[in-house]
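Examination of the molecular architecture
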Amino acid sequence: LPVTLPLPSPPQPARPGCTASVASNFDPLATLHDGSCEYLPGGCTDPDESNYNPAAAVDDGSCVPHTIGCTVPAASNYQANATKDVGGCTFEVDGCTEPSALNFWPAATADDGTCIARRPGCMAGQASNYNAEATVHDGSCRYVLRACTDPTALNFAARGDPPASLVFEPDPASCVPNRTGCVAPSALNYDALATFYDGSCSFAVVGCRDPSALNYNPLAEVDAVGNRSCDLPRLGCAFASAANYDADATVDDGSCEFPLAGCTDARAANYLPIATSDDGSCAILGCTRPGARDFDPEANVYDGSCPPTPAGCTDPAAANYAAWADVSDAGLCRYGGCTDPLAVNFAPSATFGDGSCVAPLLGCTNSSAANYNPLAQRNDGGRCEPLRTFFLGEGEESPGRALSERAPGLLYGCTDPSAVNFQPLATADDDSCVALVLGCMDTEALNHDPAATRSEGCEYEVVGCDDAAALNFLRQATRGCADCCLPRVPGCMARGAPPYEASNFEPEATVDDGSCSFVLSACLDPLAANHIPGLSGIAAVTTISTGCEYAGCTNPDAANHDPRATVEDGSCERPPRGCTQPAAANFVPAARLDDGSCVVIGCTDPARNEFRPEATVDDGTCSWSVLGCRSPSADNYLPAATAGGPELCAEAGCTHAVALNYDPAADLYMEGACEWARGGCTASHALNFLASATVDDGSCYVLGCTDLLANNYADNATANDGSCLIYRGCTEDRADNFNPIARVDDDSCLFVGCTDSYAFNYDVLATIRSGRCEYADTAPAPPLLSPPLLLSPPPESPDAAPPPSSSQRVPRWAWG
């Protein structure tokens, strides 16, 4: 049946506006998105709830209340579902919970096995009743001391009210008797058995009493045993540099002889007229080059006077003989001669052919031939003729009567007298004549002539220094040599030797110019033992005074000490010597120089209170010793002890290694001596702060925001207090409702665009239609106000047309 369908309304004009229903300015009548949407982020706006969102502008009813409880897993009342901690956590404290233990801790709630049991007893290892199991000192220690118990002995050990804990065992062998007398071994009345000084020592000045001795002491009262204290002089030459030095001499007697070594050859440039012995330093200038024309065999210093010594051929028989050459170089010689081995005058020593070869005479050299010629020097190559034989009787053969006949032999060679190879003996010309052409035939000569047949007048190259100003200038040089010229540098070439040396010696000089100026370094002081006399008469000698040696008083303690003197001459004025220390027992007021004999009597033991650092002889006040503990604070203190280290003392202190103030040197533990290590939280702002803790064990828990995503995350917080502020919203910067302050994405992002996949401007991310789709046909897209009319469904048959390509867009709906 025919159906009548109403025609669709004509397209209405598009109305721009915000088409997103979630926007705060959504326009339900808008058909075309114009980008004016404004989005207010939604979320929980209640700050007291667990999911409070500070970025939310509109409450969306999603608030979730906090669960109050302990959020610290280590707490004994930890609540896993708690979201907010208000400080109600309780924690266990590890420590010693045994009240009778030494280290009992009232605050401990869990025993950690560190309790130290209380065991009274003697804890001193030095005591005879030491108890290794004891942990608390009970005052029961007894210390046995083996020592001198004689009250009259110097080392009586029981003096000074010793404590009752000391038990003395008598040791009579260790007692030091109290015997007075002179204890100084150097005294005249020394008593070797005396143990205590009574002030009775008598001293005398010991020294040399011989006035002739070097160490004579006018105050000496007693000679040393055998008078060995006197240093008697031995006269002689005491200077080691002198020619007649006496190694045994202790006092110089002025007999030293000091020779002056130098050059004694008058021909030398450094000749020293006053030298007494030659030192081999003579510098005789001259030509020192053997083979040179001016060679001086006596010269030892080259002065540049040698003529140049060029090398060349010195054989007069050579073609390149160099009469000017000083050095023969046989390898340079060139010899002309016959170089043809077949010639009569072949010369093996010739280095080049000079046209003088004489060809051998050619002829028959066969003596049995008919034309044999005894003058022929070489066979002519087939010109010999056999002998002809005939007989006397015709028809008769008689060999014994046969006769032979010879033809005259010819000599072949050059028969032209003008030829260079003319052979006077030749009787037949062999066409070998060579015309005479004079010239140099040596190929190494400068004027080599290849057309010459007889060599003469060869000229050769001479390589040498062609600089006329050079020291080795060679006048005959035809070609200069690179870097072979020696510069002519004038200067002083004679160095000399100490003590007579040239002050202006020039090591770079090549020609001595006679300018050498020599300086004599010697002692010129007339007061010196080694001064050189007679220099005033030699005006040409420049002198410098040095190396002077003096004889005099070498004793620095003498009144006439000469600081310049290096050798004693016996002139010292010897001061009186003796002990100059007023505190010494043998002090000598008249002594001006201390002789090292002072005897200071006193206590020499640094460990005693009576110790005198300057004492050299013990006076008995500390010559004895009592071994024991010298610390008054020790349990075994011995007042009479004069020797002993801290290892002998039983000191009180903290003896337990687990304590903070453990003292490894302590022996006795007293109540309260140890500071026990009590681990816990020592931070007062922490949840588990423990006021009695002495060591922080890292267990502190601090309230704060522990969510890394929160804007107020606290890195020092270990327990969440529910204060985290997490800004949630759209974090996609391409979304239309992008929220730049959001830290956590809440899946609320909105994308406005063309949602039709057939449109050219289809946006795959679009979630809200914008109404701005563009299509391939020219007709505008139909308005979205009226429902479209579907005329036919998409083809589904196998022959249906394929879907449109990306370049062919067709509308999804057909309008009519």
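Look above for the structure.
For the structure given in this document, a descriptive report is provided here. A quick note: this is a predicted structure, and the numbers were derived from the prediction, not measured.

A count of helices and strands for the chain gives 0 helices and 52 strands. Intrachain contacts of the chain at a sequence separation of at least 6 include 24% that bridge at least 24 residues. Surface accessibility of the chain: about 46100 Å² in total, with carbon and sulfur atoms responsible for 53%.

All right, on to the state of the cysteines then. Taken as a whole, this structure holds 28 disulfides when the rule is applied. Disulfide pairing is shown between cysteine 237 and cysteine 256; the S-S distance is 1.9 Å. In this structure the cystine formed by cysteine 237 and cysteine 256 twists about its S-S bond by roughly 115°; its chirality is therefore right-handed. Separated by 19 residues along the polypeptide, cysteine 237 in the loop between β13 (235-236) and β14 (251-252) and cysteine 256 in the loop between β14 and β15 (261-262) bring together distant segments of the chain. Of the two residues, cysteine 237 and cysteine 256, neither departs from the other in class, the shared state being buried. Here cysteine 754 engages in a disulfide with cysteine 773; their sulfurs sit 2.0 Å apart. Disulfide cysteine 754 to cysteine 773: torsion about the S-S bond roughly 110°, handedness right-handed. Of this pair, cysteine 754 sits in the loop between β51 (752-753) and β52 (768-769) while cysteine 773 is found in the segment after β52, placing the two residues 19 residues apart along the sequence. Cysteine 754 gets classed as buried once you look at its relative accessible area, which sits at 2%.

Counting buried positions over the 5 residues of strand β37 (residues 518-522) gives 4, a clear majority of the element. Bridge count for strand β35 (residues 500-502) against β37 is 3 bridges, and the pairing is antiparallel. Considered in β37, the bridge of tyrosine 500 is made with leucine 520. Two elements, β37 and strand β38 (residues 542-545), share 4 bridges in a ladder whose sense is parallel. Bridge assignment links serine 521 to a residue of β38, and that residue is isoleucine 544.

On to the sheet that holds β38. Pairing is mixed in the open sheet, where 4 strands are placed in the order β34-β35-β37-β38. The open sheet terminates on both sides in strands that have one partner only, identified here as β34 (496-497) and β38.

What counts as what
Residues numbered from 1 in each chain as written. Predicted model: local features only at pLDDT ≥ 70, side-chain atom pairs only at ≥ 80, totals over all residues. Heavy atoms only, no water. Helix = DSSP H or I, 4+ residues; strand = E, 2+ residues; numbered from the N terminus. Contact = heavy atoms within 4.5 Å. Areas by Shrake-Rupley, 256 points an atom, 1.4 Å probe, with all protein chains shown as cover. Disulfide = S-S within 2.5 Å. Buried < 20%, exposed > 50% of the residue type's maximum accessible area, 1.4 Å probe, protein only. Pairing = 2+ DSSP bridges.

Structural measurements only, silent on function.
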